[in-house]
Amino acid sequence: MSAAEQAAANRKVVKRLTIAAVAMFGFGFALVPLYDVFCDITGINGKTGRIELEAALGQTVDEDRMVTVEFLATVSSDLPWEFKPMVKKVKVHPGEVTEVHYYAMNKTGNQIAGQAVPSLAPGLAAKYFNKTECFCFTRQSLGPGEGKQMPLRFVVDPALPDEVHRVSLSYTFYQAEPVAAGKEDSSDSAQLDSIL
Amino acid sequence: MSTATTHDEHHDHGAPSGLMRWITTTNHKDIGTLYLWFAFIMLLIGGAMAMVIRAELFQPGLQVVDPHFFNTMTTMHGLIMVFGAIMPGMVGLANWQIPLMIGAPDMALPRMNNWSFWILPFAGTMLLSTLFMEGGGPAFGWTFYAPLSTTFAPASTDFFIFAVHMLGFSSIMGSINIIATVLNMRAPGMTLMKMPLFVWTWFITAFLLIAVMPVLAGAVTMMLTDRNFGTSFFSAAGGGDPVLFQHVFWFFGHPEVYIMILPAFGVISEIIPTFARKKLFGYSSMVYATASIAFLSFIVYAHHMFTTGMPVAGELYFMYATIMIAVPTAVKVFNWTATMWKGSMTFETPMLWAIAFVFLFTIGGFTGLMMGIAPADMQYHDTYFIVAHFHYVLVTGALFAMIGAFYYWMPKWSGHMVSERLGKIHFWWSVISVNVLFFPQHFIGLAGMPRRIPDYSLQFADWNMVSSLGGFAFGLAQVFFLFIIIKTIRGGKAATSQVWEGAHGLEWTVPSPAPYHTFETAPEVR
Ligand code: HEM
Ligand SMILES: [Cu+2]
């Protein structure tokens, strides 16, 4: 190879490999939506669903089957709140719309906003667990020392695999950016859509 | 080379003198030397951190350092050894040897080569400087899992992130250079399937690096924006997912472990035929095995995540895929053994290191298989068993291969034979102490001692003490190695061109020490 040919060949290699490296950098970021899509399709990371109340009421109730739903609560260490389920567990028929409550109390002297993030175990049951109403759909804001009961209305899809008899729904409350005054409980939709 | 003001007495151009020689050099031998020295210094720094770790673990209870600093030490030790010692060391070997082995006058892109090296000291300094910052250095483990490395990490983490970016740039540029050299600079007649195996393994490794270093850069970039710019890639509070971090990290991380071992496979495949005085058994199967290990390394990464609550189907898939990697790996071990079979073997120092590699790396491979079995890994995960596994593959694997490479090629680099007596002392000292150091970690791991913990319960005390004693001895052996290196540079028996009786290959056709410029007219390869 002559020197000029050599230089041209080197440039070609550099160009192609640089493109490959940049593409792989992009691929690293593409893993983020890919991961969400993958989890969405397979329903494996415990993200529960949301449906309209009419759709929930339209489901046929499977009277012959009982599923135990357990409720758990965790507070992130940066959020000085008390947070707990009002009932530890309920037994429901698949297809039956059920309402329960969680309780949260702000232990400080300031107004604080929090965001609850749900997770269901076993993960594979998550896509059969739908909520029509949940305190996790929006940010919750509590005044100094304020406590409140927060509703959760859900329905277990009758298509839930037979081997599942018991599911655990866990919420973790995180500190959220304070909500602007007067806009309490309004949802920051783009962000929340990805949670729910 | 414009800074060269003096011509020395040789016919060809020698090296320009002074500090500027090293800063402006574009010579592959100079740059190889720089890389090797950098790697060795990092090995000593990382080794000193390991001594702190073993001192603290000598006895149960907290004696030497506070827990946060202990965690900083395990983290920095891992980072320095992986990114500072093993990877640059292998690149140093590549710089010295690849042009010599394929009959090229230099690397294809000499200026970029200079850059690839000179980024490193800055990245290394930045990484080490975090130790002196307020809040301490990174203490979240070399795998820097979120949210430990995002929400709960010290401020110095941003410097760590920047250091990783720079290291990534260096590796990618180095890899582009190696690929361009292999593709465009081979001597006439040197077909791909005639290339020495060391060149092949590095060629494949370079592709791995280009594929995964950018993903690592992406991961740390996401960390950076999570930490400073309000994104939530890895934070559940904002809709992200910390487990996502582990996916991105291990997509890089598993190929990374092969990046560290494939060039070592290449070194061993050079040393064993020389001292067995036989051609490497199954050359082409070696090439294919290397390529398939590289390919498989992309599709097994979640064996590091068996305990994250993957669905059973995922566990099964990653279990079978992981165990499949053992097949091409076993092909290699088999070929090395078959090369020695009925060879007229002699046991000069490089061969001793190579044989130790074959034995001890295989132990690490076996424990890898054990951990690849998903249900069994539930017990092993995050215990000292893992620590034993990866030190067998990385210390008695990658590092031993590099030390073997030093004893093998140093006569070519320096023109002086390394003292066989000192080399053998170094070998036996290291090989015994390294087993005293790491073998007991299998036992305490199986008994349940967690990794990355400064204190432990009493039943682990005896083996920890043994392990620490082995550790101190092994550390000291490497200081002795420094002595050997300096002594050999200073003088020693003059080396012939061929150096070793059974050595074949282009690098053994040039004089020892290899002149500053070699193969300016390409050799003819039959
Ligand atoms: C037969 C081949 C191998 C198999 C089947 C294998 C399997 C595994 C598995 C399953 C784990 C995860 C264990 C756990 O965290 O629970 C692991 C960890 C590890 N392996 Fe291997 N391995 C093999 C070879 C290697 C090689 C060649 C290297 C590097 C040169 C290596 C380096 C590592 C490292 C560094 C870790 C620990 C990562 C951490 O810090 O968590 N392995 N290996
Ligand atoms: Cu792996």
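## Thoughts on the overall build of chain A
Okay, step 1: Scanning chain A for helices and strands turns up 3 helices and 10 strands.
Okay, step 2: Counting helices and strands in the order they occur from the N terminus, chain A gives α-β-α-β-β-β-β-β-β-β-β-β-α.
Okay, step 3: Looking at chain A residue by residue over its 196 residues, the buried ones come to 42%.
Okay, step 4: Looking at chain A alone, contacts between residues at least 24 apart form 79% of all its contacts between residues at least 6 apart.
Okay, step 5: Of the roughly 10200 Å² of accessible surface on chain A, a fraction of 56% belongs to carbon and sulfur atoms.

## With respect to the side chain of Ser-168 of chain A
Residue and element names in this part refer to chain A.
Okay, step 1: Here Ser-168 is to be found in strand E10 (residues 166-175).
Okay, step 2: Residue Ser-168 is classed as buried on the basis of its relative accessible area, which comes to 18%.
Okay, step 3: One polar contact links Ser-168 to Glu-70, side chain to side chain, over a distance of 2.9 Å.
Okay, step 4: Contact partners of Ser-168, with chain neighbours within four places excluded, come to Glu-70, Leu-72, Ser-119, Leu-120 and Ala-121.

## Overview of the environment of Val-97 of chain A
Residue and element names in this part refer to chain A.
Okay, step 1: Tracing the backbone shows Val-97 in the loop between strand E4 (89-92) and strand E5 (98-106).
Okay, step 2: Taking the C-alpha atoms as reference, Val-97 lies 8.8 Å from Thr-132; in sequence the two are 35 residues apart.
Okay, step 3: Once residues within four sequence positions are removed from consideration, Val-97 is found in contact with Leu-53, Ala-56, Leu-57, Arg-153, Phe-154 and Val-155.

## Structural notes on the interface of chain A and chain B
Okay, step 1: In this complex, chain A contributes 28 residues to the contact, which on the side of chain B involves 32 residues.
Okay, step 2: Summing both sides of the interface, chain A and chain B together bury roughly 2400 Å²; the carbon and sulfur share of this comes to 75%.
Okay, step 3: Counting the surface chain A buries against chain B, the share from its top three residues, Leu-17, Met-24 and Tyr-35 of chain A, is 22%.
Okay, step 4: Our count for the chain A to chain B interface comes out at 5 residue pairs in polar contact (both at pLDDT 80 or more).
Okay, step 5: For the side of chain A that touches chain B, the secondary structure elements donating two or more residues are helix H1 (3-42), strand E6 (112-121) and helix H3 (189-195) of chain A.
Okay, step 6: Of all the elements, H1 of chain A adds the most residues to the side of chain A that touches chain B, at 17 residues.
Okay, step 7: Within the side of chain A that touches chain B, the residues separate by chemical class into 18 nonpolar, 9 polar and 1 charged.

## Considerations on the sheet that holds E4 of chain A
Residues and elements named next belong to chain A.
Okay, step 1: If you trace the 5 strands from one edge of the open sheet to the other, you get E4-E2-E10-E6-E8, paired in mixed fashion. The outermost strands of the open sheet, each flanked by one partner alone, are E4 and strand E8 (140-142). Here the strands of the sheet are splayed against their neighbours by 30° on average, with no regard to which way each runs.
Okay, step 2: Note: E6 against E8, 3 bridges, orientation antiparallel. Within E8, the residue paired with Ala-113 across the bridge is Ser-141.

## Details of the state of the cysteines
Residues and elements named next belong to chain A.
Okay, step 1: This model, assessed by the stated rule, comprises 1 disulfide over all chains.
Okay, step 2: The disulfide partner of Cys-134 is Cys-136, and the S-S distance across this bridge is 2.5 Å. The sign of the S-S torsion, about 130°, decides the handedness of the disulfide formed by Cys-134 and Cys-136: right-handed. Residues Cys-134 and Cys-136 agree in their burial class; the two are buried.

## Looking at the coordination of the copper ion (ligand 2)
Six octahedral donors at a metal ideally form angles of 90 or 180 degrees, and four tetrahedral donors ideally form angles of 109.5 degrees.
Residues and elements named next belong to chain B.
Okay, step 1: His-254 (ND1), His-303 (NE2) and His-304 (NE2) make up the full set of protein donors to the copper ion (ligand 2), lying at 1.8 to 2.1 Å.
Okay, step 2: Separating the copper ion (ligand 2) from the iron atom of ligand 1 is a distance of 4.6 Å. Here His-303 lies in the loop between helix H8 (283-296) and helix H9 (312-340) and His-254 lies in helix H7 (residues 242-276), a separation of 49 residues in the sequence.
Okay, step 3: By relative accessible area, His-254 is classed as buried at 4%.
Okay, step 4: Assessed through its relative accessible area of 15%, His-303 is described here as buried.

## Some points on the coordination of the iron atom of ligand 1
Okay, step 1: Protein coordination of the iron atom of ligand 1 is limited to a single donor, His-389 of chain B (NE2), which sits 2.1 Å from the metal.
Okay, step 2: Mapped onto the secondary structure, His-389 of chain B falls in helix H12 (residues 384-414).

## Thoughts on the packing of aromatic side chains
Residue and element names in this part refer to chain B.
Okay, step 1: Per the stated rule, a full pass over the model turns up 65 aromatic pairs over all chains.
Okay, step 2: Geometrically, the ring pair formed by Tyr-35 and Phe-117 is edge-to-face, given 5.2 Å between the ring centres and 75° between the ring planes. Residue Tyr-35 is located in helix H2 (residues 28-57), and its partner Phe-117 is located in helix H4 (residues 110-129); the two are separated by 82 residues in the primary sequence.
Okay, step 3: Overall, Tyr-35 belongs to the buried group, its relative accessible area being 2%.
Okay, step 4: Above the ring of Trp-22, the side-chain terminus of Arg-21 is found at 4.2 Å from the ring centroid.

## Some points on the confidence of the model for chain A
Okay, step 1: Predicted confidence across chain A gives a mean pLDDT of 83, with 87% of residues reaching 70 or more.
Okay, step 2: Under a pLDDT of 50 for its full length, residues 179-196 of chain A has, in the predicted model, 37 contacts with residues more than four places off or in other chains.

## A look at the sheet that holds strand E1 (residues 49-50) of chain A
All names here are of chain A.
Okay, step 1: Across the sheet, which stays open at both edges, the 5 strands sit in the order E1-E7-E9-E5-E3 with mixed pairing between neighbours. Two strands close off the open sheet at either side, each with one partner strand: E1 and strand E3 (81-85).
Okay, step 2: One ladder, built from 8 bridges, connects E5 with strand E9 (residues 147-156); its direction is antiparallel. Each bridged residue has a counterpart across the sheet, and for Glu-99 the counterpart in E9 is Arg-153.

## As for the pairing of strand E2 (residues 67-75) of chain A
Residues and elements named next belong to chain A.
Okay, step 1: Pairing geometry for E2 and E4, over 4 bridges, is antiparallel. Within E4, the position partnered with Val-67 by the bridge is Val-92.
Okay, step 2: Sheet topology note: the E2/E10 ladder contains 8 bridges and is parallel. In the sheet register, Leu-72 faces E10, and the bridge partner there is Ser-170.

Cut-off values and rules
- Residues numbered from 1 in each chain as written.
- Chains lettered and ligands numbered in written order.
- Predicted model: local features only at pLDDT ≥ 70, side-chain atom pairs only at ≥ 80, totals over all residues.
- Heavy atoms only, no water.
- Helix = DSSP H or I, 4+ residues; strand = E, 2+ residues; numbered from the N terminus.
- Buried < 20%, exposed > 50% of the residue type's maximum accessible area, 1.4 Å probe, protein only.
- Contact = heavy atoms within 4.5 Å.
- Areas by Shrake-Rupley, 256 points an atom, 1.4 Å probe, with all protein chains shown as cover.
- Polar contact = N/O pair within 3.5 Å; in protein donor to acceptor, adjacent residues only side chain to side chain.
- Buried area = accessible area lost by both parts, 1.4 Å probe.
- Nonpolar A, V, L, I, M, F, W, Y, C, P; charged D, E, K, R; others polar.
- Pairing = 2+ DSSP bridges.
- Axes fitted to C-alpha atoms, helices over the stretch in contact; angles between N-to-C directions.
- Disulfide = S-S within 2.5 Å.
- Donors = N, O, S within 2.8 Å, 3.2 Å for Na, K, Ca; no water.
- Phe/Tyr/Trp six-rings, centres within 6.5 Å; stacked < 30°, edge-to-face > 60°.
- Lys NZ or Arg CZ within 6 Å of the ring centre and 35° of its normal.
- pLDDT = per-residue confidence, 0-100.

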